Amino acid sequence: MRDPYSVLGVNKSADEKEIKSAFRKLAKKFHPDQNPDDPRAKDRFSEINHAYEILGDKDKRGQFDRGEIDAEGKPKFAGFEGFDPRQGFSPGAGGRQRRQAHGSPFGAQGFGGAEDILSELFGSAFNQGRAGPGARGPAGNAGRQFDLDLKATAQVSVDDLARGKGNVRLPDGRQLSFSLPDDARDGQIVRLAGQGKKQPGMKPGDAMITLSLVPHPKFQVSGHDLRTDAVLPLFTAVKGGKVTVETLDGKIALNVPAWTNSGKVFRLKGKGLPKKGGGHGDLLVTVGIVLPEDGREGLEAMADRWQEKATSKG
């Protein structure tokens, strides 16, 4: 086993934060799930974990630095043969007598917190697939499966977001309906616990669903708000009136004041998408003036008079 400092690529003077950062970076890079086509990744991942078992634990790091244990965590001093690193000893009338050490042999957090870091990097799927109480930790990878999760992409429409439900077909052919988070966004991954692969004697994996937002012909998503356009006839822009606007709940009449310019944005409260914790976003309506199909000569004559008036003022 190589020197743990060399494995993690840190100096012997590195502090706890530097060591933890180096472990996170390497564990993410060499995790078997990230390197399915590299048979060496598993061994490298195991080596990284073992190095962090030593350097991530204050007591074990001290023992290694003092030369009391080797890179594999085994005692080096004579007279320690058969000594269990999970136990201590104290002198007694008959010589050395063992006493039970308190807590995990790898410190209070186990693996110096390695498993917590890996769970943070790769989600709860890292803790799936244990073969029971006898399963070994990440250094040996025995009893673990890294392929119990299923991955799929769900096409999600604006209507799906509004009702909070999506549908997906998994690689094994199952069709699932699932709840969408209130803050769902394009590219977000939703975990469906227990819907992955199953292995006898092991906890089922999860289904990891990537959301793909399908463009809507009328609405654009902007966080919890929706945006849409509405046609504003010229006479309504001048005189004021009502404009028909389509919402997720159907068509409504929008009141437009006189002398409304093209590009004006109206906010319809609560007509957007569900918010986390309750309530809805808004619908933002941008109006655009459209010239009438008839009456062209009259409009052109009126435009000429406006132009003459503006020129004379200039």
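Note on numbering: residues in each chain are counted from 1, in written sequence order. The predicted origin of the model limits local features to residues at a pLDDT of at least 70 and limits the giving and counting of side-chain atom pairs to 80 or more, whereas totals for whole chains, interfaces and linings rest on all residues. Each side-chain value is worked out from all heavy atoms of the structure, with water and hydrogens disregarded.

### Some thoughts on the packing of aromatic side chains
Turning to step 1, where the next piece is worked out: Working definition: rings of Phe, Tyr and Trp (its six-membered ring) pair if their centres are within 6.5 Å, and the pair is stacked with planes under 30 degrees apart, edge-to-face with planes over 60 apart, and tilted otherwise. Evaluated as defined, the whole model comprises 2 aromatic pairs.
Turning to step 2, where the next piece is worked out: When the centroid spacing of 6.1 Å and the interplanar angle of 45 degrees are considered together, the rings of Y5 and F64 count as tilted. Of this pair, Y5 sits in helix 1 (residues 4-8) while F64 sits in helix 4 (residues 58-65); the two residues are 59 residues apart in sequence, bridging distant segments of the chain.
Turning to step 3, where the next piece is worked out: Between F23 and Y52, the aromatic rings sit 4.3 Å apart at their centres with planes inclined by 10 degrees, giving stacked as the arrangement. Going along the chain from the N terminus, every DSSP run of H or I of four or more residues is numbered as a helix, and every run of E of two or more is numbered as a strand.

### A few points about unusual backbone geometry
Apart from glycine, the bulk of residues carry a negative phi angle, and the bulk of peptide bonds sit in the trans form.
Turning to step 1, where the next piece is worked out: The backbone of W259 shows a phi angle near 60 degrees, a positive value even though the residue is not glycine.
Turning to step 2, where the next piece is worked out: Each residue is assigned to one of three classes by its accessible area relative to the maximum for its type, calculated with a 1.4 Å probe on protein chains only: buried under 20%, partly exposed between the two thresholds, exposed over 50%. Given a relative accessible area of 66%, W259 falls into the exposed group.

### A short note on empty space enclosed by the protein
Turning to step 1, where the next piece is worked out: Buriedness of a pocket was judged along seven lines, with at least five required to meet protein on both sides within 12 Å; pockets are open sets of points on a 1 Å grid over the protein atoms alone, cavities are sets where a 1.4 Å probe fits but cannot get out, and lining residues have an atom within 4 Å of a point. Grid points are joined across faces, edges and corners, and a volume is the space filled by probe spheres set on the points. In this structure the tally under the stated criterion is 1 cavity of 30 Å³ or more.
Turning to step 2, where the next piece is worked out: Size it by volume and the largest cavity reaches roughly 40 Å³.
Turning to step 3, where the next piece is worked out: Lining the largest cavity, in full, are V156, L161, A184, R185, D186, L211 and L213.
Turning to step 4, where the next piece is worked out: Side-chain classes follow a simple rule in which Ala, Val, Leu, Ile, Met, Phe, Trp, Tyr, Cys and Pro form the nonpolar group, Asp, Glu, Lys and Arg form the charged group, and the remainder, Gly included, forms the polar group. Of the residues that constitute the lining of the largest cavity, the class distribution is 5 nonpolar, no polar and 2 charged.

### Brief notes about helix 3 (residues 40-55)
Turning to step 1, where the next piece is worked out: Multiplying one less than the number of residues by 1.5 Å gives the expected span of a helix. The end-to-end C-alpha distance of helix 3, which contains 16 residues, comes to 23 Å, matching closely the 22 Å that a straight helix rising 1.5 Å per residue would cover.
Turning to step 2, where the next piece is worked out: Counting buried residues along helix 3, 12 of its 16 residues qualify, which places the element largely inside the surrounding structure.
Turning to step 3, where the next piece is worked out: Taken together, the buried positions of helix 3 are occupied by A41, F45, S46, E47, I48, N49, H50, A51, Y52, E53, I54 and L55.

### Observations regarding the sheet that holds strand 7 (residues 207-213)
Turning to step 1, where the next piece is worked out: The pairing criterion for strands is at least two bridges between them, as found by DSSP. Reading across the sheet, the 3 strands line up as 3-7-6 and stay open at both edges, with mixed pairing between neighbours. Two strands bound the open sheet, and with one partner strand each, they are strand 3 (150-156) and strand 6 (189-192). Ignoring strand direction, the axes of neighbouring strands in this sheet form an average angle of 30 degrees.
Turning to step 2, where the next piece is worked out: Sheet topology note: the strand 6/strand 7 ladder contains 4 bridges and is antiparallel. Bridge pairing in strand 7 links V190 to I209. What counts as an axis is a line fitted to C-alpha atoms, over the stretch in contact for a helix, and the angles between N-to-C directions run from 0 to 180 degrees.

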